[in-house]
Amino acid sequence: MSRVLRSAKAGAPSAPQPANADLGAPSAKDLLQDLQLHQTELQMQVESLRATQIELEEARDHYETLYEFAPVGYITLTATGQVAAINLTGSILLGCDRSKIVKRRFSQFISPAHQDRWYRQFVRLMKQAEDDPIQIDLELTRADGSAFYVHLNCQRREDTRQGGLLLVAISDISQSRRDDLQARIAGVAFESQEGIIVADSHQRILRVNHAFTQITGYTADEAIGQHPPALLNSARQDEAFYRGLTDTLLKHGAWHGEIWNRRKDGSEYQISLNITAVKDDAGIITNFVATFTDITFRKQAEEKIENLAFHDQLTQLPNRRLLIDRLKHALAVSARNRQFCALLFIDLDSFKTLNDTQGHDSGDLLLQQVAARLSACVRASDTVARLGGDEFVVLLEGLGKQLSDASDEAQALGRKVLATLHEPFQLGSFPYVNTGSIGITCFSGDRLDTVEEILKQADLAMYQAKTDGRNTLRVFDTGMQTRVSQRATLETELQTALREDQFRLFYQPQVTENGKVYAAEALLRWQHPQRGLVLPAEFIALAEETGLILQLGSWVMDCASAQLAHWAMLPRMKDLSLLVNVSARQFHHPDFVGQVHAALDRHGANPNLLKLELTESLLLKDIEGTIAKFKALRSHGVRFSLDDFGTGYSSLSYLRQLPLDQLKIDQSFVRDVPGNANACAIVNTVLALGKTLELRVIAEGVETQEQRNFLADNGCSFVQGYLFGRPMPSDEFTTFMDANAER
Ligand code: C2E
Ligand code: MG
Ligand code: MG
């Protein structure tokens with residue numbers, strides 16, 4: 001180094017030296033040399049400085065590039081939170097031009113829900129020591145409003161002029177957060193209530209969840225690597241089933257169904273199973289995911305509910321609902337195979353009496369035993385159902401293509417059922433003999449029968465079997481249908497007739513031996529608006545069955561009482577007795593006695609002139625009560641005549657106990673006298689009985705003089721019949737009486 005430079009370097013201010021200084025002063029030549037040397041050194045130094053400057057500039061450029069294009073955004077914030085600087089990555093992250101970011105508050109880019117957190121951290125950061133960085137995860141909002149998640153690495157830097165700066169490095173973590181969230185959701189889903197199996201493309205188990213272990217009893221270690229059917233199958237599904245399952249899976253990418261599996265402990269359970277094939281981008285199956293739930297309990301509950309809904313709880317037989325389902329099915333099958341089916345409607349004959357007398361427990365026992373016997377009578381493919389009460393139905397299918405064959409087979413089974421029902425039952429300690437009535441109808445799917453019609457037909461036939469004496473069977477024919485619809489029409493018409501006052505009472509005279517009218521029988525007529533006068537034979541039985549007889553009977557009683565009261569005012573009629581027919585059902589009505597009294601009182605009629613005509617059938621039921629009623633009415637003055645005598649089964653001992661006045665020989669015997677010896681004998685027997693019991697005997701249906709003579713000759717003084725007068729309306733009867741008096 002030159003001296004000049006050396007002294008300059010020493011830094012001491014060098015005083016100017018005189019030109020002629022002391023010895024040792026450098027010569028001019030030396031000085032020139034030195035100067036040249038110094039110049040060269042300076043030049044070198046300048047060059048070196050220039051090179052350094054270039055290096056520095058390059059380094060700065062490099063640094064700037066690194067800064068601008070860094071993988072993270074860099075933001076410098078002032079102590080007040082304003083953006084002092086931001087690199088290019090940062091501005092790209094914020095989706096905004098740098099010029100629009102600088103000088104804005106950074107908090108403006110933070111999503112509202114995260115701003116509190118930011119402020120808390122910001123305040124903390126600005127207070128604390130320089131090199132203590134803080135990390136925060138926040139959601140930022142871009143200029144376009146879209147949100148993204150960032151990780152902020154913040155560090156405070158001391159800066160005297162600005163009160164400190166905050167250096168913030170921002171990295172976008174949206175994607176990793178999304179991945180993380182998805183993984184967490186997947187984890188939660190995987191550990192769901194459903195069993196989950198993830199298998200490879202060869203259907204070997206890769207992974208199972210906790211629910212899998214709970215349901216199957218196998219741990220993950222035991223399951224992994226296994227083939228699910230081999231591990232879990234209950235053997236209720238065969239190989240063909242699994243082949244079908246795999247085929248569907250490969251073809252459609254999914255399979256759903258219910259199958260039976262077996263647990264590790266050997267117990268079986270039913271699952272609802274979903275299998276999905278997972279494919280890669282090329283469409284090749286990489287995995288299978290199976291999810292399943294144990295539905296054993298649900299199935300059991302369903303079965304229980306179904307059993308309750310479709311079976312009778314007492315007998316466990318199918319109930320009406322299930323029967324109707326089976327009937328519909330039978331009709332559909334029959335329409336295809338053209339084979340006949342049959343329905344047997346079975347009703348026990350005296351079930352109500354058993355229930356009333358022995359109690360419902362005995363009744364229930366009988367129903368259960370009947371159910372068992374019926375089931376034993378039929379083939380497994382036939383249906384035995386209980387419709388309710390004591391009504392059972394047997395449905396037979398596939399009875400061949402000929403109606404006659406089907407009918408024969410159904411009747412054969414019907415007879416077998418009747419026989420089995422008649423075998424003695426043991427109801428607890430109580431032995432019981434039972435009978436049943438059966439109605440049968442045959443049907444096929446190609447006729448237009450509906451389920452309701454078929455049931456109705458069998459019911460009608462059963463009803464016919466009951467009418468025909470019970471413990472028997474009847475096959476439905478269309479005549480039954482006609483009769484039933486006629487009955488239905490008649491019933492409605494009877495109700496209308498009562499409402500519209502279409503009934504009349506006719507009066508038929510009863511005469512003494514010498515032809516004097518001493519009484520009249522009131523006989524009911526129906527003045528039908530279209531059919532004209534209708535006789536009781538056409539409607540009394542139905543009125544009794546339907547109970548309409550109660551209203552009808554009380555109308556008759558009222559009308560007869562009014563007639564008696566009216567006659568009381570006519571001298572020629574005032575002593576006439578009036579006989580009123582009373583049906584058994586009417587008589588047994590608890591209020592019958594009261595009704596009679598009320599009718600008489602209402603019109604002020606004389607009870608002594610009222611005679612009730614009753615039939616022997618009335619004496620079959622409740623003898624004690626019957627006698628009491630007789631006595632109650634008798635004490636009021638009312639008297640009694642026993643109608644159609646000889647046709648019933650009156651017990652003589654009962655006859656003795658009843659306060660009767662008169663026996664009426666049935667017209668079927670009178671008709672045949674004097675020609676028929678049997679009829680004559682019966683008439684004479686009744687006459688003798690009347691004498692013994694001190695009862696008046698009257699013969700009805702006397703049409704000829706021979707009949708009259710025979711009766712008179714044998715001591716029957718009282719007669720009634722066309723020979724003396726037909727039943728006639730009230731006014732006609734009055735005229736008749738006038739004429740009779742004049743004779
Ligand atoms: P019943 O009480 O035995 O009545 C006698 C039936 O024989 C009457 O038939 C009468 O018209 C008929 N008759 C009378 N004389 C002769 C005769 O000489 N020859 C023939 N062939 N028949 C004769 P009717 O009026 O058709 O009554 C039939 C049955 O209807 C009655 O038999 C009675 O059981 C019942 N009945 C009539 N009116 C009533 C009523 O108001 N209430 C109730 N419950 N039943 C009644
Ligand atoms: Mg009568
Ligand atoms: Mg009679």
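Everything discussed here concerns the structure shown above.
What counts and what doesn't
Residues numbered from 1 in each chain as written. Chains lettered and ligands numbered in written order. Predicted model: local features only at pLDDT ≥ 70, side-chain atom pairs only at ≥ 80, totals over all residues. Heavy atoms only, no water. Pairing = 2+ DSSP bridges. Helix = DSSP H or I, 4+ residues; strand = E, 2+ residues; numbered from the N terminus. Axes fitted to C-alpha atoms, helices over the stretch in contact; angles between N-to-C directions. Donors = N, O, S within 2.8 Å, 3.2 Å for Na, K, Ca; no water. Buried < 20%, exposed > 50% of the residue type's maximum accessible area, 1.4 Å probe, protein only. Phe/Tyr/Trp six-rings, centres within 6.5 Å; stacked < 30°, edge-to-face > 60°. Near = heavy atom within 4 Å. Polar contact = N/O pair within 3.5 Å; in protein donor to acceptor, adjacent residues only side chain to side chain. Areas by Shrake-Rupley, 256 points an atom, 1.4 Å probe, with all protein chains shown as cover. Disulfide = S-S within 2.5 Å. Contact = heavy atoms within 4.5 Å. Salt bridge = Lys/Arg side-chain N within 4 Å of Asp/Glu carboxyl O. Parallel < 35°, antiparallel > 145°, perpendicular 65-115°, else oblique. Nonpolar A, V, L, I, M, F, W, Y, C, P; charged D, E, K, R; others polar. Core = buried A, V, L, I, M, F, W, Y, C linked by side-chain atoms within 4.5 Å. Left-handed = near helix turned anticlockwise from the far one by under 90°.

Student: Which residues make up the sheet that holds strand β16 (residues 436-443), and what values go with them?
Tutor: Judged by pairing direction, the sheet is mixed, and its five strands sit side by side in the order β12-β13-β11-β16-β17 without closing on themselves. Single-partner strands in this sheet number two, and they are β12 (383-388) and β17 (473-475). Here the average twist between neighbouring strands, direction ignored, is 20°. Taken together, the five bridges between β12 and strand β13 (residues 391-396) define a ladder with antiparallel strand orientation. Bridging from a neighbouring strand, G388 pairs with E391 of β13.

Student: Can you tell me about the coordination of the magnesium ion (ligand 2), naming the residues and giving the values?
Tutor: Coordination of the magnesium ion (ligand 2) by the protein comes from E521 (OE), N581 (OD1), E613 (OE) and D643 (OD), over a distance range of 2.0 to 2.3 Å. In terms of primary sequence, the donors binding the magnesium ion (ligand 2) are separated according to E-x59-N-x31-E-x29-D. Judged by its relative accessible area of 1%, E613 is buried.

Student: How would you sum up the environment of Q175? Please name residues and give values.
Tutor: Structurally, Q175 is set in helix α6 (residues 174-190). For the pair Q175 and N740, spaced 565 residues apart in the sequence, the C-alpha separation amounts to 125 Å.

Student: Can you explain the packing of aromatic side chains? Please cite residues and give values.
Tutor: Aromatic ring pairs: the centre-centre distance and the angle between the two ring planes describe each pair. Within the structure shown, the criterion is met by 20 aromatic pairs. Judged by centre distance (5.1 Å) and plane angle (65°), the ring pair of Y518 and F718 falls under edge-to-face. Pair noted here: Y518 is in strand β19 (residues 517-528) and F718 is in strand β26 (residues 718-720), with a separation of 200 residues, a long-range link. A single burial state applies to Y518 and to F718, both of which are buried. Centre to centre, the rings of W526 and F539 are 5.6 Å apart; their planes meet at 85°, and the pair counts as edge-to-face.

Student: Hey, could you go over the site of ligand 1 for me, with residue numbers and the actual values?
Tutor: Lining the immediate surroundings of ligand 1 are 21 residues, of which N581, D643, Q667, E703 and Y722 lie closest. Taking D644, its side chain carries an N or O atom lying 3.2 Å from an oxygen atom of ligand 1. Within the side chain of E703, an N or O atom sits 2.4 Å from a nitrogen atom of ligand 1. Contact with the protein chains hides 83% of the accessible area of ligand 1, taken as 780 Å² for the molecule alone. Of all the secondary-structure elements, those providing two or more residues to the shell around ligand 1 are β19 and β23 (639-645).

Student: I'd like to hear about the coordination of the magnesium ion (ligand 3), residue by residue, with values.
Tutor: For the magnesium ion (ligand 3), the protein coordination sphere consists of D643 (OD), D644 (OD), E700 (OE) and E700 (OE), at 2.0 to 2.8 Å. Sequence positions of the residues that donate to the magnesium ion (ligand 3) give the spacing D-D-x55-E. Of the residues examined, E700 reaches a relative accessible area of 7% and is grouped as buried.

Student: I'd like to hear about the state of the cysteines, residue by residue, with values.
Tutor: Counted according to the given criterion, the structure contains zero disulfides. Free cysteine: C341, not disulfide-bonded; nearest cysteine sulfur from C442 at 9.2 Å. Its relative accessible area of 2% is what places C341 among the buried residues.

Student: Describe the side chain of K466, and please don't skip the residues or the numbers.
Tutor: Inspection of the secondary structure assignment puts K466 in helix α16 (residues 451-467). In terms of polar contacts, K466 uses its side chain to reach the side chain of D347, at 2.8 Å. Residues contacting K466, with those up to four places away along its chain left out, are D347, L348, D349 and S437.

Student: Please provide a residue-by-residue account of the pattern of salt bridges, values included.
Tutor: Two side chains with opposite charge may pair up if their charged atoms get near one another. Inspection of every chain in the model, using the stated rule, returns 29 salt bridges. Across the salt bridge formed by E158 and R156, the nearest N and O atoms sit 3.1 Å from each other. Overall, the relative accessible area of 46% leaves E158 in the partly exposed class. Among the residues examined, R156 registers a relative accessible area of 10% and is labelled buried. The salt bridge involving R298 is made with E258; its shortest N-O contact spans 3.3 Å.

Student: Kindly report on the packing of helix α12 (residues 320-337) against α16, identifying the contributing residues and their values.
Tutor: For the pair α12 and α16, interaxial distance at closest approach is 10 Å and the crossing angle is 110°. With respect to α16, the axis of α12 lies roughly perpendicular. Along its contact with α12, which presents R320, L323, I324, L327, K328 and L331, the element α16 presents V451, I454 and L455. Looking at the contact of α12 with α16 residue by residue, the class counts come to seven nonpolar, no polar and two charged.

Student: Hey, could you go over the nonpolar core for me, with residue numbers and the actual values?
Tutor: Ranked by internal contacts, the top residues of the largest apolar core, which has 79 residues, are L612 and F733. When residues in this core are grouped by element, the largest group, eight residues, is from helix α19 (residues 548-567). Contact partners of L612, with chain neighbours within four places excluded, come to M557, V580, V582, F592, L633, V638, R639, F640 and S641. Core analysis: the next-biggest nonpolar cluster, separate from the first, contains 33 residues, A342, A371, V394 and A410 among them.

Student: I'd like a description of unusual backbone geometry, backed by residues and values.
Tutor: The omega torsion across V673 and P674 is 0°, close enough to zero to call that bond cis. When you line up the elements, P674 lands in the loop between α24 (667-671) and α25 (677-693). A positive phi angle, close to 75°, is found at A235, a residue other than glycine. Within the secondary structure, A235 sits in the loop between α9 (228-232) and α10 (239-252). In the Ramachandran plot, E694 falls in the positive-phi region, its phi being about 55° despite a non-glycine side chain. Take E694: it is sitting in the loop between α25 and β25 (696-700).

Student: Kindly report on the pairing of strand β4 (residues 147-157), identifying the contributing residues and their values.
Tutor: The sheet contact formed by strand β3 (residues 134-141) and β4 spans eight bridges and is antiparallel. Each residue of the ladder has a partner; that of I136, found in β4, is L152. Between β3 and β4, which follow one another and run antiparallel, lie five residues, and G145 among them has a positive phi close to 95°. As judged from the eight bridges shared by β4 and strand β5 (residues 165-172), these two strands associate in the antiparallel manner.

Student: Outline the sheet that holds strand β10 (residues 285-294), supporting the account with residue identities and numerical values.
Tutor: Read from one edge of the open sheet, five strands run β7-β6-β10-β9-β8, paired in antiparallel fashion. Among the strands making up the open sheet, the edge pair consists of β7 (205-208) and β8 (254-262). Across the sheet, the mean angle separating the axes of adjacent strands is 25° when strand polarity is ignored. As defined by bridge partners, strand β9 (residues 268-279) adjoins β10 across nine bridges and the pair is classed as antiparallel. Within β10, the residue paired with A277 across the bridge is F288. Along the sheet, α10 makes contact with β8, β9 and β10, crossing β8 at roughly 155°. Running at roughly 125° to β9, helix α11 (residues 296-310) makes contact with β8, β9 and β10 of the sheet.

Student: Report on the side chain of H114, specifying residues and quantitative values.
Tutor: Within the fold, H114 resides in helix α5 (residues 112-127). In terms of polar contacts, H114 uses its side chain to reach the backbone amide nitrogen of E139, at 3.3 Å. Those residues in contact with H114 that sit more than four places away from it in its chain are D137, L138, E139 and Y149.

Student: Talk me through the packing of α19 against helix α21 (residues 592-603); I want residue IDs and the actual numbers.
Tutor: Helix packing for two helices is described by the angle between their axes and how far apart those axes are. At a minimum axis separation of 8 Å, α19 and α21 run at an interaxial angle of 35°. For the pair α19 and α21, the sense of crossing is right-handed. Contact residues: α19 offers S554, M557, D558, S561, A562 and A565, while α21 offers F592, Q595, V596, A599, L600, R602 and H603. Among the residues making up the contact of α19 with α21, the classes are represented as seven nonpolar, four polar and two charged.

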